[in-house]
Amino acid sequence: MMFCVNDYVVYGNEGVCKVEDIGKPSISGLDKQKEYYTLVPFYRKGKIYTPTDSTILMRKVITKENAEALISRITEISPTLDVPRDSKLAMEFYKSLVKTHECEKLISIIKHVFEKQKTLVAEKKNVPAVDLRYMKIAEDMLYGELGFALNIKPTDVRGYIIRSCEMEG
């Protein structure tokens, strides 16, 4: 899919970016024959140059309407994930879900680890570091995109979701 200048996209692990330019930038180290997107991250300074034919996932940011519809369905999204017990396999499992950048999968990760945390704390056990790490990654990705779509700070998204779910419940 081709994007246009001024489109807002989710790009790889960077999150929300604005397409500032499309073309052949005269920057050393870049293939002079290839077209590149010049991306400006929304939540930090800098620029990213990525080939228009890159294999890194890039998609349009969800709309405000889709963000609100997703939030209204959060209670229906299952926290049940078949996460392997082995930490290396668990990491690969989480990584494969995160790589999709699908909001529902990010929500499943967050809900799964949250439920696991409640259970383990009650048993006076620690949550594995890999679970906590990928919950944080999922939250950062989800809250960044939803914050952009809803025009609120990513740090305010969790509270927004909780308030929205309470109003429906």
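Everything numeric in this text was worked out from a predicted model, so none of it was measured.

Explanation requested: helix α1 (residues 64-72) in the structure shown.
Every α-helix winds through 3.6 residues per turn, so residues three or four apart in the chain are directed the same way. Within the span of α1, buried status applies to Ala 67, Leu 70 and Ile 71. Viewed end-on, α1 has its buried residues packed into an arc of 100°, placing them on one side of the element.

Just checking my understanding: could you explain the pattern of salt bridges for this structure?
Per the counting criterion, the structure on display carries 12 salt bridges. Here Lys 47 and Glu 20 are joined by a salt bridge, their closest N and O atoms 2.7 Å apart. Placement of Lys 47 in the loop between β3 (36-41) and β4 (48-51) and of Glu 20 in strand β2 (residues 15-23) is noted, with a sequence separation of 27 residues between them. Across the pair Glu 123 and Lys 125 runs a salt bridge, and its minimum N-O distance is 3.6 Å. Of the residues examined, Glu 123 reaches a relative accessible area of 43% and is grouped as partly exposed.

Where do I start with the environment of Lys 105 in this structure?
Counting through the fold element by element, Lys 105 comes out in helix α3 (residues 103-122). A sequence separation of 37 residues divides Lys 105 from Leu 142, and the C-alpha atoms of the two residues are 9.7 Å apart. What Lys 105 contacts, discounting residues up to four positions off in sequence, is Leu 97 and Thr 100.

Please explain the packing of α1 against helix α4 (residues 129-150) as it appears in this structure.
Here α1 crosses α4 at 125°, and the two axes come no closer than 8 Å. In terms of orientation, α1 and α4 fall into the oblique class. Helix-helix and strand crossings are classified by hand; for α1 and α4 the assignment is left-handed. Between α1, through Lys 64, Ala 67, Glu 68, Leu 70 and Ile 71, and α4, the contact on the second element is made entirely by Leu 142, Leu 146, Ala 149 and Leu 150.

What is the right way to read the sheet that holds β3 from this model?
Neighbouring strands of a sheet are bound in pairs by backbone hydrogen bonds; such pairs are parallel or else antiparallel. If you trace the five strands from one edge of the open sheet to the other, you get β4-β3-β2-β1-β5, paired in antiparallel fashion. The open sheet has two free edges, formed respectively by β4 and β5 (58-60), since each of these has just one partner strand. Pairwise comparison of adjacent strand axes, ignoring direction, gives a mean angle of 45° for this sheet. Across three bridges, strand β1 (residues 8-11) lies against β5 in antiparallel orientation. Residue pairing across strands places Tyr 11 opposite Met 58, the latter belonging to β5. Relative to the sheet, α4 contacts β1, β2 and β5, its axis offset from that of β2 by approximately 70°.

How should the packing of aromatic side chains be read in this particular structure?
Centre-to-centre distance and the angle between the planes together describe a pair of aromatic rings. All chains considered together, the criterion is met by seven aromatic pairs. A ring pair is formed by Phe 3 and Tyr 37, whose centres lie 5.9 Å apart and whose planes are at 65°; its orientation type is edge-to-face. Taken together, the residues span a long stretch of sequence, with Phe 3 in the segment before β1 and Tyr 37 in strand β3 at a distance of 34 residues. Each member of the pair, Phe 3 as well as Tyr 37, carries the same accessibility label: buried.

Rules behind the numbers
- Residues numbered from 1 in each chain as written.
- Predicted model: local features only at pLDDT ≥ 70, side-chain atom pairs only at ≥ 80, totals over all residues.
- Heavy atoms only, no water.
- Buried < 20%, exposed > 50% of the residue type's maximum accessible area, 1.4 Å probe, protein only.
- Helix = DSSP H or I, 4+ residues; strand = E, 2+ residues; numbered from the N terminus.
- Arc of directions from axis to C-beta.
- Salt bridge = Lys/Arg side-chain N within 4 Å of Asp/Glu carboxyl O.
- Contact = heavy atoms within 4.5 Å.
- Axes fitted to C-alpha atoms, helices over the stretch in contact; angles between N-to-C directions.
- Parallel < 35°, antiparallel > 145°, perpendicular 65-115°, else oblique.
- Left-handed = near helix turned anticlockwise from the far one by under 90°.
- Pairing = 2+ DSSP bridges.
- Phe/Tyr/Trp six-rings, centres within 6.5 Å; stacked < 30°, edge-to-face > 60°.

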